[in-house]
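Below are the chains, spelled out letter by letter.
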Amino acid sequence: MSRPIPSAAAIPSKVERQNHPNLLPVVRRVIEQLNQLFIDHFGLLGKGLVDDIFKHWLHAGKTGPSGLRHYVYALGVQLEDPGVRKDFTERAERLLLHLQSGYVS
């Protein structure tokens, strides 16, 4: 008996697998929110930094919900102004608290 062949829509594209390999959906949503928060603080040039930091974070292998603090730290150190860094970190920590409490949107 042969197995059914999944439709093309059911198979993640190569780009999707490279961008978010094996990440829990909730972690993906939080990463997207953290990336946007960083870009809001850094500016549009932060998009390239976000991509590089994300790749390094993935390579480090701490990609579960508890590893998100490492990601926040890696983003935060890119912000030179201590006040901007503090604001970013506080807002990012609130996102992580929502994750822990189950209220991630």
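Above this text you will find the structure in question.
Residues numbered from 1 in each chain as written. Predicted model: local features only at pLDDT ≥ 70, side-chain atom pairs only at ≥ 80, totals over all residues. Heavy atoms only, no water.

Peer 1: Pulling in residues and values, what's your account of the overall build of the protein?
Peer 2: A count of helical and extended segments in the protein gives 5 helices and 0 strands. When the helices and strands of the protein are placed in sequence order, the string is α-α-α-α-α. Summarising the internal contacts of the protein: among those between residues at least 6 apart in sequence, 67% fall at separations of at least 24. Surface exposure of the protein reaches about 7400 Å², of which carbon and sulfur atoms provide 58%. (Helix = DSSP H or I, 4+ residues; strand = E, 2+ residues; numbered from the N terminus. Contact = heavy atoms within 4.5 Å. Areas by Shrake-Rupley, 256 points an atom, 1.4 Å probe, with all protein chains shown as cover.)

Peer 1: Report on the packing of aromatic side chains, specifying residues and quantitative values.
Peer 2: A complete count under the given rule lists 5 aromatic pairs for this structure. Note on F54 and W57: the rings are 6.0 Å apart at their centroids and 35° apart in plane angle, and the pair reads as tilted. Taken together, the residues F54 and W57, both in helix α3 (residues 46–60) and 3 residues apart, mark about one turn of the helix. For the pair F54 and W57, one class covers both residues: buried. (Phe/Tyr/Trp six-rings, centres within 6.5 Å; stacked < 30°, edge-to-face > 60°. Buried < 20%, exposed > 50% of the residue type's maximum accessible area, 1.4 Å probe, protein only.)

Peer 1: Would you mind going over the pattern of salt bridges in detail, with residue names and values included?
Peer 2: Side-chain pairing between opposite charges can occur once the charged atoms of the two side chains come close. Under the defined criterion, the tally for this structure stands at 3 salt bridges. Between D51 and K47 there is a salt bridge; the shortest N-O distance is 2.9 Å. Separated by 4 residues within a single helix, D51 and K47 lie in helix α3, roughly one turn from each other. With relative accessibility at 43%, the residue K47 sits in the partly exposed group. (Salt bridge = Lys/Arg side-chain N within 4 Å of Asp/Glu carboxyl O.)

Peer 1: Run through helix α4 (residues 68–76), naming residues and quoting values.
Peer 2: Taken together, the buried positions of α4 are occupied by L68, Y71, V72, L75 and G76. The buried residues of α4 occupy an angular sector of 130° when the element is viewed end-on, so they sit on one face. Among the structural elements, α2 (25–42), α3 and α5 (82–101) are those in contact with the buried residues of α4. (Arc of directions from axis to C-beta.)

Function-wise, these values are silent; they only describe arrangement.
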